[in-house]
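Geometric and topological summary
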Amino acid sequence: MRISRRILAGLATASLAVTATSCGGGGTSGSFDDTVTVGILHSLSGTMAISESTLVDTEKMAIEEINAAGGVKVGGKSYKIEYIVEDGASDWPTFAEKSKKLIDQDGVPVVFGGWTSASRKAMLPVYESKDAFLYYPIQYEAQECSNNIFYTGATPNQQSEPATDFMYKRSPAAGGDFFLVGSDYVFPRTSNTITKAQVKQLGGNVVGEDYLPLGNTEVAPIISKIKKALPEGGIIINTLNGDQNVAFFKQIQDAGITPSSGYYVMNYSIAEEEISTIGPEFLEGHYGAWNYMMSIDTPASKKFAKSFKKRWGADRVVADPQESAYNMVYLWKQAVEDAGTFDDNAVRKALVGQKFDAPQGPVEVMPNHHLSQTVRIGEINAEGGFTILEETGVVLPQAWNQKHPSSKGFACDWTDPSKGEKYKL
Amino acid sequence: MELLLDSLFNGVAIGSVLLVAALGLAIVFGLMGVINLAHGELMMLGAYTTYVTQLIFKLPILKPFYNSYIIVSIFLAFIVSGVVGILLEKTIIRKLYGSPLETLLATWGVSLILQQFVRSVPLAYGTGLVISLLIALFLPTIFPLKIKESINFKYYKFSTWIFAALTGVLTGSLISSSVSKLSRASARNVDVTAPSWMRGQVEIIGTTFPKTRLMIIVITLISVIAITLFLNQSAWGMRIRAVTQNRQMSDCLGISTEKVDIITFGIGSGLAGVAGVAVSLLGSVGPNVGGNYIVGCFMVVVLGGVGNLLGTVFASFGIGIMTDLIGAGRLLSIWPDMPLPLSNTINFFATTSMARVMIFALIVIFLQFKPTGLFPQKGRMVEN
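Quick caveat, the model's predicted, so the values are computed rather than measured. (Residues numbered from 1 in each chain as written. Chains lettered and ligands numbered in written order. Predicted model: local features only at pLDDT ≥ 70, side-chain atom pairs only at ≥ 80, totals over all residues. Heavy atoms only, no water.)

**Describing the overall build of chain B**
Heads up, the condition is: By the criteria applied, helices consist of DSSP H or I runs no shorter than four residues and strands consist of E runs no shorter than two, each listed in order from the N terminus. Computation of the radius of gyration draws on C-alpha atoms alone. For the globule rule, the value is 2.2 Å times the number of residues to the power 0.38. The contact definition used throughout considers only heavy atoms, calling two residues in contact when any of these lie within 4.5 Å. Only four residue types enter the charge count: Lys and Arg as positive, Asp and Glu as negative, with His and the chain ends excluded. In plain terms, the charge of a residue is placed at NZ if it is Lys, CZ if Arg, CG if Asp and CD if Glu.
On a plain count of helices and strands, chain B comes out with 17 helices and two strands. For chain B, the C-alpha radius of gyration of 23 Å lies close to 21 Å, the compact-globule estimate for 384 residues. Across its three principal axes, chain B shows a C-alpha extent of roughly 80 × 55 × 35 Å. Sequence separation of at least 24 residues holds for 75% of the intrachain contacts in chain B that already meet a minimum separation of 6. Side chains of chain B carry 25 positive and 14 negative charges; the gap between the two charge centres is 11 Å.

**Some remarks on the nonpolar core**
Selection criterion: We define the nonpolar core as a collection of buried residues of types Ala, Val, Leu, Ile, Met, Phe, Trp, Tyr and Cys that are connected through side-chain atoms lying within 4.5 Å of one another. Only protein chains enter the area calculation, which uses a 1.4 Å probe; residues under 20% of their type maximum are buried, those over 50% are exposed, and those in between are partly exposed.
Ranked by internal contacts, the top residues of the largest apolar core, which has 94 residues, are Phe112, Tyr135, Ile226, Ile236, Phe248, Phe249 and Trp332 of chain A. If you tally residues by element for this core, the top one is helix H12 (residues 320–339) of chain A, at nine residues. Once residues lying within four places of it in the same chain are set aside, the contact partners of Phe248 of chain A are Val181, Val219, Ile226, Ile236, Asn238 and Leu240 of chain A. Residues Leu114, Val192, Ile216 and Val313 of chain B belong to the second largest nonpolar core, which totals 87 residues.

**So, helix H11 (residues 257–280) of chain B**
Applied cut-off: The length a helix should cover is 1.5 Å for every residue beyond the first.
In this model H11 of chain B runs 35 Å from its N-terminal to its C-terminal C-alpha over 24 residues, within 8% of the 34 Å that 1.5 Å per residue would give. Within H11 of chain B, 21 of the 24 residues are buried, which leaves the element mostly enclosed by the surrounding structure.

**Considering the environment of Val126 of chain A**
Residue and element names in this part refer to chain A. Here Val126 is to be found in helix H4 (residues 117–130). Along the primary structure Val126 and Val394 are separated by 268 residues, whereas in three dimensions their C-alpha atoms are 33 Å apart. Once you skip the residues sitting within four places of it in the chain, Val126 turns out to touch Ala96, Ser99, Lys100 and Ile103.

**Topic: the interface of chain A and chain B**
The criterion, for reference: The salt bridge definition used is simple: a Lys or Arg side-chain nitrogen within 4 Å of an Asp or Glu carboxyl oxygen. A 3.5 Å cut-off defines polar contacts: any pair of N or O atoms within that distance qualifies, except that in protein one atom must be a possible hydrogen donor and the other a possible acceptor, and neighbouring residues in sequence count only when both atoms are side-chain atoms. By the convention adopted, Pro, Cys, Tyr, Trp, Phe, Met, Ile, Leu, Val and Ala count as nonpolar, Lys, Arg, Asp and Glu as charged, and the other residues, Gly among them, as polar.
Residue-level contacts link 32 residues of chain A with 37 residues of chain B. At the boundary of chain A and chain B, one finds three salt bridges. Applying the counting rule to chain A against chain B returns 15 residue pairs in polar contact (both at pLDDT 80 or more). Secondary-structure elements contributing two or more residues to the side of chain A that touches chain B are strand E8 (206–212), helix H7 (220–229), helix H8 (244–254), helix H9 (272–278) and helix H10 (280–283) of chain A. With seven residues, the single largest contributor to the side of chain A that touches chain B is H7 of chain A. Each residue belonging to the side of chain A that touches chain B can be placed in one class, and the counts come to 12 nonpolar, eight polar and 12 charged.

**Considering the confidence of the model for chain B**
What counts here: Per-residue confidence from the predictor is given as pLDDT, running between 0 and 100.
With 98% of its residues at a pLDDT of 70 or more, chain B shows a mean pLDDT of 87. Note on the complex model: pTM 0.81, ipTM 0.78.

**With respect to the pattern of salt bridges**
If the charged atoms of two oppositely charged side chains come close together, the side chains can form a pair. The final tally for this structure, using the stated rule, is 28 salt bridges over all chains. In this structure, Lys250 of chain A and Asp191 of chain B form a salt bridge, with 3.2 Å as the shortest nitrogen-oxygen distance. Of this pair, Lys250 of chain A sits in helix H8 while Asp191 of chain B is found in the loop between helix H7 (153–178) and strand E1 (201–204), placing the two residues in two different chains. Per residue, the accessibility class of Lys250 of chain A equals that of Asp191 of chain B, and both read buried. Through salt bridges with shared partners, a single ionic network connects Glu86, Lys98, Lys101 and Asp106 of chain A.

**Describing the sheet that holds strand E5 (residues 134–136) of chain A**
Residue and element names in this part refer to chain A. What counts, and what does not: Two strands make a pair as long as DSSP finds a minimum of two bridges between them. Axes here mean lines fitted to C-alpha atoms, for a helix over just the part in contact, with angles spanning 0 to 180 degrees between N-to-C directions.
Pairing is mixed in the open sheet, where six strands are placed in the order E2-E3-E1-E4-E5-E6. Edge positions in the open sheet fall to strand E2 (72–74) and strand E6 (149–151), since each of these has one partner strand only. Neighbour to neighbour, the strand axes of the sheet diverge by 30° on average, direction disregarded. Strand direction decides the pairing type here: E5 and E6, joined by three bridges, are parallel. Residue pairing across strands places Tyr136 opposite Tyr151, the latter belonging to E6. Sheet strands in contact with H4 are strand E1 (34–42), strand E4 (111–113), E5 and E6, and its direction is about 165° off that of E5.

**So, a nonpolar patch on the surface**
Residues and elements named next belong to chain B. The line we're drawing: Patch membership requires over 30% relative accessible area and the absence of a salt bridge. Like charges are linked within 9 Å, and nonpolar side chains (Val, Leu, Ile, Met, Phe, Trp, Tyr) within 5 Å. Under the convention used here, a 1.4 Å probe and the Shrake-Rupley method define accessible areas, while residue burial counts only the protein chains that appear.
Together, Leu3, Leu331, Ile334, Trp335 and Leu342 make up an exposed nonpolar region whose accessible area comes to about 440 Å². As for its placement among the helices and strands, Leu331 is situated in helix H14 (residues 330–334). A residue is classified by how much of its surface remains accessible, and Leu331, at 36% relative accessible area, is partly exposed.

**Structural notes on the pairing of E1 of chain B**
All names here are of chain B. As paired elements, E1 and strand E2 (residues 207–210) share four bridges and run antiparallel to each other. Paired with Gln201 across the two strands is Pro210, which belongs to E2. Linking E1 back to E2 in an antiparallel pair, the connection comprises two residues, with Ile205 at a positive phi of about 45°.

**Quick notes on the packing of helix H2 (residues 39–56) of chain B against helix H3 (residues 69–91) of chain B**
All names here are of chain B. Note the cut-off: Any angle that falls under 35 degrees is termed roughly parallel, while one over 145 is termed roughly antiparallel, one within 65 to 115 roughly perpendicular, and all others oblique. If you view the pair so one helix is near and one far, a crossing is left-handed when the near helix is turned anticlockwise from the far one by less than a right angle, and right-handed when it is turned clockwise.
It is the contact of H2 with H3, at a shortest axis distance of 8 Å, that shows an interaxial angle of 140°. Classified by the angle their axes make, H2 and H3 are oblique. For the element pair H2 and H3, the recorded crossing hand is right-handed. Contact residues: H2 offers Leu42, Leu45, Gly46, Thr49, Thr50, Thr53 and Gln54, while H3 offers Tyr69, Ile70, Val72, Ser73, Leu76, Ala77, Val80, Ser81, Val84 and Gly85. The class makeup of the residues in the contact of H2 with H3 is nine nonpolar, eight polar and no charged.

**Remarks on the packing of aromatic side chains**
Let me state the cut-off plainly: Each pair of aromatic rings taken from Phe, Tyr and Trp, with Trp reduced to its six-membered ring, is defined by centres within 6.5 Å and is described as stacked if the planes are under 30 degrees apart, edge-to-face if over 60, and tilted in the remaining cases. Here, over-ring charges are defined by two tests on the NZ atom of lysine or the CZ atom of arginine: distance to the ring centre within 6 Å, and angle to the ring normal within 35 degrees.
Applying the stated criterion across every chain yields a total of 23 aromatic pairs over all chains. Arranged with centres 5.3 Å apart and planes meeting at 80°, the rings of Phe348 of chain B and Phe349 of chain B form a pair that is edge-to-face. By way of ring pairs, the aromatic residues Tyr79, Phe112, Phe133, Tyr135, Phe150, Trp332 and Phe342 of chain A are connected into one cluster. The ring of Trp312 of chain A has Arg311 of chain A sitting right over it, with the charged end atom 4.1 Å from the ring centre.

**Overview of the environment of Thr228 of chain B**
Mapped onto the elements, Thr228 of chain B comes out in helix H8 (residues 211–233). For the pair Thr228 of chain B and Thr208 of chain B, spaced 20 residues apart in sequence, the C-alpha to C-alpha distance is 31 Å.

**A look at the confidence of the model for chain A**
Here chain A averages 88 in pLDDT, and 93% of its residues register 70 or above. Counting contacts from residues 8–29 of chain A, a segment whose pLDDT is below 50, to residues more than four positions away or on other chains yields 12 contacts.

**Digging into the environment of Glu284 of chain A**
All names here are of chain A. Assignment of secondary structure puts Glu284 in the loop between H10 and strand E11 (287–290). Residue Glu284 is classed as partly exposed on the basis of its relative accessible area, which comes to 42%. Residues Glu284 and Gly384, spaced 100 residues apart in sequence, show a C-alpha to C-alpha distance of 8.1 Å. If sequence neighbours within four positions are ignored, Glu284 has contacts with Pro259, Ile380, Asn381 and Ala382.

**Observations regarding the packing of helix H12 (residues 291–304) of chain B against helix H16 (residues 352–369) of chain B**
Residues and elements named next belong to chain B. Where H12 contacts H16, the axes come no closer than 11 Å and their chain directions differ by 30°. One way to sum up the angle between H12 and H16 is to call them roughly parallel. Where H12 crosses over H16, the handedness of that crossing is left-handed. Every residue of H16 that contacts H12 at Val295, Met299, Val302 and Leu303 is listed here: Phe360, Ile363, Phe366 and Leu367. In terms of residue class, the contact of H12 with H16 is built from eight nonpolar, no polar and no charged.

Pasting the structure below:
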């Protein structure tokens with residue numbers, strides 16, 4: 001009994017030490033009048049940690065950059081940004097719990113957080129009931145528009161719609177039939193519903209779709225379905241998640257489903273980070289669609305990649321989710337400075353209409369709390385990056401998708417009290 | 001004909017992955033009655049062994065033999081997982097025989113520890129640790145009897161531990177300095193690339209088969225044959241079967257049940273390692289790779305009948321063929337003009353997720369009628 005109590009005490013001390021170290025601040029130099037503490041909430045343990053920790057790194061970097069440039073200036077005073085990092089542990093209820101902690105206990109004016117749609121859906125009621133503000137940086141399925149969330153990732157019309165259009169009209173497999181593959185959860189299913197509606201409008205055919213349960217890597221039945229549905233090659237739209245892509249691409253290559261035999265895969269969840277994990281030899285010749293790609297040849301993009309490598313190591317890469325995370329910190333800072341206060345409601349008003357020269361090009365916050373963005377289609381090359389083939393102009397975000405049967409004809413506008421979350425166009 | 005062949009091959013391909021994964025569990029759970037939830041993590045160690053072997057074979061000295069690394073890694077994976085399994089048996093499971101609930105919880109804890117271990121320890125030092133464990137466990141057993149009986153044996157034993165620790169640290173740092181990819185801990189999934197002779201496909205009777213799948217089928221076949229021969233033909237196999245049937249009686253007749261337990265558990269764990277090699281050819285290698293298979297493994301063993309290897313073989317191929325028939329919607333192409341309600345139902349289940357639901361349901365129904373599985377164990381053990 002005594003021993004176990006001692007172990008308990010030891011554990012308690014250890015966990016205290018961990019919490020203490022995780023509550024570190026930003027940079028140290030400079031003279032500031034005051035400090036403001038923001039919340040960062042991503043998974044640092046569990047299955048999502050690999051992806052989400054890159055966002056924490058990017059957000060820290062953005063905060064350090066802002067601090068080095070004099071911090072946030074509100075009402076003639078300069079504030080140094082400090083941050084509290086909380087671990088969502090890849091567990092959706094934990095995200096809600098930690099959000100409550102950050103809002104109630106730490107009193108942070110803003111939380112940057114989330115990756116999976118499931119974590120966002122778990123956090124949403126917390127932010128709405130406490131009237132707090134969450135900044136969410138991931139490309140997602142949309143069909144949601146909360147007054148208490150600011151979405152900096154792409155909506156389907158800023159990623160999958162231009163990509164489907166490209167595949168059907170201008171890719172080497174143009175005019176071919178479509179096969180849709182995804183992991184079995186909300187994003188792939190919603191995204192594919194939209195894709196099916198769009199392919200129908202374009203006059204094409206979706207000849208099959210299948211979903212792999214999360215964690216399952218047995219793709220043999222899917223391969224035989226693809227071969228049966230597309231015997232002469234065609235277009236495959238892939239919304240598989242994480243590691244399932246490795247199994248998928250390894251096995252389809254062995255089964256002869258390759259660009260050289262007429263099968264072209266368009267991917268919505270494979271960025272530079274994933275290419276290096278899967279191996280470019282399996283992905284070369286397939287496509288991806290994103291707002292930001294590391295190969296964008298502009299000074300802003302190069303600077304972003306360079307400072308990230310300088311801060312976190314030369315072998316690191318930057319990808320679209322990180323760019324979104326980077327943008328949202330800067331947009332928050334601009335909105336606070338314009339509002340002249342950290343108060344949520346004033347910041348929310350000031351946020352709409354904010355413009356920022358992002359690494360992907362200019363972005364602007366729209367009344368539906370999403371960003372206007374540029375869409376790029378890239379071919380994956382042997383070096384593990386994208387060769388950019390096409391670039392759209394600025395595309396406005398649709399929180400309610402205009403091709404999805406359940407949301408056609410609806411939009412969202414938080415600047416007009418009579419319109420709000422969902423109004424008929 | 002082609003359709004049938006295709007379906008059969010796919011079913012066997014899916015089934016062989018299940019079989020190779022479940023084979024070790026069929027021994028550990030089937031013969032010994034140990035519910036080993038860390039079985040998946042022993043597979044994961046096998047998969048990581050393949051990865052480490054692959055990187056070591058990329059070193060200039062071993063580069064000429066690169067194409068054969070996968071064969072070498074099968075044996076290494078067997079040894080690595082076997083050693084970790086033996087250690088697990090010696091330290092934890094031995095103390096919990098006869099209390100299945102505690103075993104279940106303890107092995108689940110071990111599985112979490114192993115997952116976190118590969119996340120936070122550089123693989124080079126992990127390899128070093130396994131090597132030192134191997135030496136420490138086996139070096140004392142090869143001492144001549146004379147030394148073992150002497151009073152100074154404990155000093156010899158102590159010095160083997162020191163020797164083992166030193167070798168482990170040395171190989172760890174050697175690997176870490178020569179292969180930079182292994183010198184840092186990372187939670188990121190890694191990738192095993194099959195050697196060039198195993199990529200692509202072969203043509204048999206007009207249909208094409210991926211070579212990696214054929215390789216997995218071959219690995220499975222060899223494992224099944226080897227383990228059947230071992231259990232039925234060798235002296236130790238006979239002892240294992242004797243202990244399975246009646247532990248007390250075997251003990252009375254002079255069989256060292258303790259040794260039998262170690263060997264059985266070691267072989268079961270080693271086979272999990274071999275399964276890890278097979279699995280690494282299909283997908284990526286990560287801390288969670290084994291956890292994805294554990295449910296399937298138990299399902300196969302229970303369906304086949306606990307304590308019967310033949311049952312495990314039939315169960316896994318049965319599930320494999322059913323998965324392909326339902327999941328790929330093949331019934332529709334065999335019988336194209338079936339009545340509409342029936343074809344709609346089949347279409348509904350013709351996705352990977354729904355096929356799984358259907359197979360689970362079928363197994364549950366089957367077990368209602370035959371609760372002991374396809375080939376139930378007969379004999380004394382069943383009676384008590």
